[in-house]
Amino acid sequence: MASISIRNLVKRYGHGPSANQVIHGVDAEISDGEFVVIVGPSGCGKSTLLRMVAGLEEVSEGEIRIGDRVVNNVEPADRDIAMVFQNYALYPHMSVYDNMAYGLKIKKVPVDEIRTRVDKAAKILELSALLDRKPRALSGGQRQRVAMGRAIVRNPQVFLFDEPLSNLDAKLRAQTRLEIQKLHAELGVTSLFVTHDQVEAMTLAQRMIVMNGGRMEQFGTPEEVYARP
Ligand code: ADP
Ligand code: ADP
């Protein structure tokens, strides 16, 4: 687990006079183990902010720290983060176990260690009985949980969620939301979760960052944010 510190963060796409500035100096201190939701209308910069923390977009100005390490120039794979996306692409020809183990195999984690981590994640996500199945033999909710399992087995310091619920139907969305809450309760991993859905934000957030037009308008608990006129 680790804190995340965002200081005077600026993002421009393009260069020179035609550059498009989409993040205008965001400052946020996220505590170790905290669940923070970034919320705001489409195009306000949520995804760009998250992708900079992930290392998928370059920082134009400012600083991002994960724990006490400045990560501006650190490759995504070396940031101790795991991302959960809205489009969970599982490998169709691989079992649930192999889907979860794949990233660790690539990283040459020892087989015993892989087995321990996958078993632990499967237990948390109630997938233990399904490890031999192929994705096509799973329900939508189970597939979503396998996608989360792939993130968990990395033992990340930080979870980054990019609208993981937005393509799901209402029932599955509610189920997956509960899964994510349970996951956070059990592992306590520092989490940043992007959504445009205010109800989702309020339900999940310990604190929320409200973005608008590339600026951070508010940063507080749901009570604090919604108490404002
Ligand atoms: P959100 O996630 O809140 O919908 P984004 O972070 O995706 O917002 O986008 C913020 C702004 O940055 C938008 O105006 C978008 O068009 C622009 N943008 C995002 N990615 C790129 C890119 N790769 N190149 C140029 N502009 C981009
Ligand atoms: P998302 O909801 O994931 O932000 P988008 O449709 O906004 O989906 O963006 C899809 C991809 O296109 C992202 O990788 C984003 O960085 C990129 N993108 C978004 N807006 C622009 C843009 N104006 N110019 C170039 N790329 C963009």
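Being a predicted model, the structure only gives us computed values, none of them experimental.

Visitor: Any chance you could explain the overall build of the protein here in plain terms?
Guide: What the protein contains, in helices and strands, is 7 helices and 10 strands. For 229 residues, the compact-globule estimate of 2.2 N^0.38 gives 17 Å, and the C-alpha radius of gyration of the protein, at 18 Å, lies within 12% of that figure. Viewed in the frame of its principal axes, the protein has a C-alpha envelope of about 55 × 40 × 30 Å. Going through the 229 residues of the protein one by one, you find that 48% of them count as buried. Residue pairs at least 24 apart in sequence account for 69% of intrachain contacts in the protein once pairs closer than 6 positions are excluded. For the protein, the accessible area works out to roughly 11,300 Å², and carbon and sulfur atoms hold 48% of it. Of the charged side chains in the protein, 29 are positive and 28 negative; the average position of the first set lies 6 Å away from that of the second.

Visitor: Would you mind showing me how to read the sheet that holds strand β2 (residues 20–30) here?
Guide: In a beta sheet, neighbouring strands are held together by backbone hydrogen bonds and run either parallel or antiparallel to one another. Spatial strand order, β2-β1-β4-β5: 4 strands in an open sheet with antiparallel pairing. Each having just a single partner strand, β2 and β5 (69–70) make up the two edges of the open sheet. Pairing geometry for strand β4 (residues 61–66) and β5, over 2 bridges, is antiparallel. Across the sheet, the residue bridging to Arg65 is Val70, located in β5. Packed onto the sheet, helix α1 (residues 46–54) meets β1 (4–13), β2 and β4 and runs at close to 115° relative to β1.

Visitor: What is the right way to look at the nonpolar core in this model?
Guide: As a rule of thumb, soluble globular proteins bury nonpolar side chains together. One finds Val37, Met100, Val118, Phe159, Ile180 and Phe193 to be the most contacted residues of the largest nonpolar core, which totals 43 residues. Among residues more than four places away in sequence, those in contact with Ile180 are Phe35, Met148, Phe161, Pro164, Leu165, Phe193 and Leu204. Listed in part, the 30 residues of the second largest apolar core include Val22, Ile23, Val53 and Ile64.

Visitor: Any chance you could explain α1 here in plain terms?
Guide: Counting buried positions over the 9 residues of α1 gives 7, a clear majority of the element. Among all positions of α1, only Lys46, Thr48, Leu49, Leu50, Met52, Val53 and Ala54 are buried.

Visitor: For this particular structure, what's the right way to read a nonpolar patch on the surface?
Guide: On the surface, Tyr91, Tyr102 and Ile106 cluster together into a nonpolar patch covering about 270 Å² of accessible area. Position of Tyr102 among the secondary structure elements: in helix α2 (residues 96–106). Residue Tyr102 is classed as partly exposed on the basis of its relative accessible area, which comes to 33%.

Visitor: I would appreciate a short explanation of the environment of Leu160 in the present structure.
Guide: Position of Leu160 among the secondary structure elements: in strand β7 (residues 158–162). On the basis of relative accessibility, which here comes to 0%, the residue Leu160 falls in the buried class. Once the C-alpha coordinates of Leu160 and Gly103 are considered, the two residues, 57 residues apart in sequence, prove to be 17 Å apart. When sequence neighbours within four positions are dropped, the list of residues in contact with Leu160 reads Leu50, Val53, Ala54, Ile81, Ala82, Met83, Val84 and Leu192.

Visitor: In this structure, what is going on with the packing of helix α4 (residues 140–152) against helix α5 (residues 170–187)? I would like to understand it.
Guide: In a packed pair of helices, the relevant descriptors are the angle between the two axes and the axis-to-axis distance. Running from N to C, α4 and α5 cross one another at 30°; their axes reach a closest spacing of 10 Å. Looking at the two axes, α4 sits roughly parallel to α5. The two elements α4 and α5 cross, and the hand of that crossing is right-handed. Where α4 abuts α5, its residues Gly140, Gly141, Gln144, Arg145, Met148 and Ile152 lie against Leu172, Gln175, Thr176, Glu179, Ile180, Leu183 and Leu187. Taken together, the residues of the contact of α4 with α5 break down into 6 nonpolar, 5 polar and 2 charged.

Visitor: Looking at this structure, how should I read the sheet that holds strand β6 (residues 81–85)?
Guide: Overall, mixed pairing links the 6 strands, which are arranged β6-β7-β8-β3-β9-β10 in an open sheet. Sheet topology places β6 and β10 (215–220) at the edges, where each strand pairs with a single neighbour. On average, each strand axis in the sheet is tilted by 15° relative to the strand beside it, whichever way the strands run. Contacting β3 (35–39), β6, β7, β8 (190–195) and β9 (207–212), α1 crosses the sheet at an angle of about 150° to β7. On the sheet, α5 packs against β3, β7 and β8 and is oriented at approximately 170° with respect to β7.

Visitor: What exactly am I supposed to notice about the pairing of β10 here?
Guide: A regular strand places its side chains on the two faces of the sheet in alternate fashion. By the bridge criterion, 5 bridges tie β9 to β10 in an arrangement that is antiparallel. From the neighbouring strand, Val210 faces β10, where its bridge partner is Gln218. In this structure, the hairpin formed by β9 and β10 is closed by a connection of 2 residues, where Gly213 is found at a positive phi of approximately 55°.

Definitions and limits used
Residues numbered from 1 in each chain as written. Chains lettered and ligands numbered in written order. Predicted model: local features only at pLDDT ≥ 70, side-chain atom pairs only at ≥ 80, totals over all residues. Heavy atoms only, no water. Helix = DSSP H or I, 4+ residues; strand = E, 2+ residues; numbered from the N terminus. Rg over C-alpha atoms; globule rule 2.2 N^0.38 Å. Buried < 20%, exposed > 50% of the residue type's maximum accessible area, 1.4 Å probe, protein only. Contact = heavy atoms within 4.5 Å. Areas by Shrake-Rupley, 256 points an atom, 1.4 Å probe, with all protein chains shown as cover. Lys, Arg positive; Asp, Glu negative; His and termini not counted. Charge placed at Lys NZ, Arg CZ, Asp CG, Glu CD. Pairing = 2+ DSSP bridges. Axes fitted to C-alpha atoms, helices over the stretch in contact; angles between N-to-C directions. Core = buried A, V, L, I, M, F, W, Y, C linked by side-chain atoms within 4.5 Å. Patch = residues over 30% accessible without salt bridge, like charges linked within 9 Å, V, L, I, M, F, W, Y side chains within 5 Å. Salt bridge = Lys/Arg side-chain N within 4 Å of Asp/Glu carboxyl O. Parallel < 35°, antiparallel > 145°, perpendicular 65-115°, else oblique. Left-handed = near helix turned anticlockwise from the far one by under 90°. Nonpolar A, V, L, I, M, F, W, Y, C, P; charged D, E, K, R; others polar.

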